[in-house]
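Here are the chains, one letter per residue:
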Amino acid sequence: MKLLDLCFARSGDKGDAVNVGLIARDPAHFAWLRQTVTAERVKAHFGPRVSGSVERFELPNLSALNFMLHGALGGGGTVSLKLDAQGKTYASHLLRMEVEGPDAA
């Protein structure tokens, strides 16, 4: 399945980094989300679109994870030649990550 089936997401720019929030649709799935969606896995999913590191922050009170994708915007919104210089489509891309659902674990 895809993360889209289990989560909401939102993204935007922070200089040359993209901030992606991933929120479990069902709070009961947050433990699964925390175990499954690691910074390493997100970095691999984005591949060469992210030249820097990926940091993950947990927000258990919101059943959410927040990712900072460094080096993702070609220098940042005001200088980038990328089509999506503000990183708005990164949330949609993350939601298309293939995962084994919480019932398969």
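In the block above lies the structure referred to throughout.
Here goes a summary of the coordinates provided. The structure displayed is predicted, hence computed values, not measured ones. (Residues numbered from 1 in each chain as written. Predicted model: local features only at pLDDT ≥ 70, side-chain atom pairs only at ≥ 80, totals over all residues. Heavy atoms only, no water.)

Let's shift gears to the overall build of the protein chain. For the protein chain, the helix and strand inventory stands at 3 helices and 4 strands. Listed by position from the N terminus, the elements making up the protein chain come as β-β-α-α-β-β-α. By the burial criterion, 42% of the 105 residues in the protein chain qualify as buried. The contacts in the protein chain between residues at least 6 apart in sequence include a share of 58% that link residues at least 24 apart. (Helix = DSSP H or I, 4+ residues; strand = E, 2+ residues; numbered from the N terminus. Buried < 20%, exposed > 50% of the residue type's maximum accessible area, 1.4 Å probe, protein only. Contact = heavy atoms within 4.5 Å.)

Assignment of secondary structure puts Trp-32 in helix H1 (residues 30-36). For the pair Trp-32 and Gly-101, spaced 69 residues apart in sequence, the C-alpha to C-alpha distance is 8.4 Å.

So, about the sheet that holds strand E4 (residues 64-69). One open sheet accounts for 4 strands, arranged E1-E2-E4-E3; its pairing is antiparallel. Every interior strand has two partners, whereas the edge strands, strand E1 (7-14) and strand E3 (54-59), have only one. Going from strand to strand, the sheet's axes swing by 15° on average, the running direction of each strand aside. As defined by bridge partners, E1 adjoins strand E2 (residues 17-24) across 8 bridges and the pair is classed as antiparallel. Counted as the bridge partner of Cys-7 is Ala-24 from E2. Where helix H2 (residues 39-46) meets the sheet, its contacts fall on E3 and E4, and the angle it forms with E3 comes to roughly 130°. (Pairing = 2+ DSSP bridges. Axes fitted to C-alpha atoms, helices over the stretch in contact; angles between N-to-C directions.)

Before going further, it helps to spend a moment on the side chain of Thr-36. Within the fold, Thr-36 resides in helix H1. A polar contact of 2.8 Å, which involves the side chain of Thr-36, links it to the backbone oxygen of Trp-32. (Polar contact = N/O pair within 3.5 Å; in protein donor to acceptor, adjacent residues only side chain to side chain.)

Here a ring pair, both rings aromatic, is described through the centre-centre distance and the interplanar angle of the planes. If you walk through the whole model with that rule in mind, you get 1 aromatic pair. A centroid spacing of 5.4 Å and a plane angle of 15° characterise the contact between Phe-46 and Tyr-90, whose relative ring orientation is stacked. Here Tyr-90 lies in helix H3 (residues 90-95) and Phe-46 lies in helix H2, a separation of 44 residues in the sequence. Here Phe-46 falls in the buried class, since its relative accessible area comes to 2%. (Phe/Tyr/Trp six-rings, centres within 6.5 Å; stacked < 30°, edge-to-face > 60°.)

Burial analysis of E2 places 7 of its 8 residues in the buried class, which makes it a mostly covered element. Relative to E4, E2 is paired through 6 bridges, and the arrangement is antiparallel. Bridge assignment links Val-20 to a residue of E4, and that residue is Phe-67.

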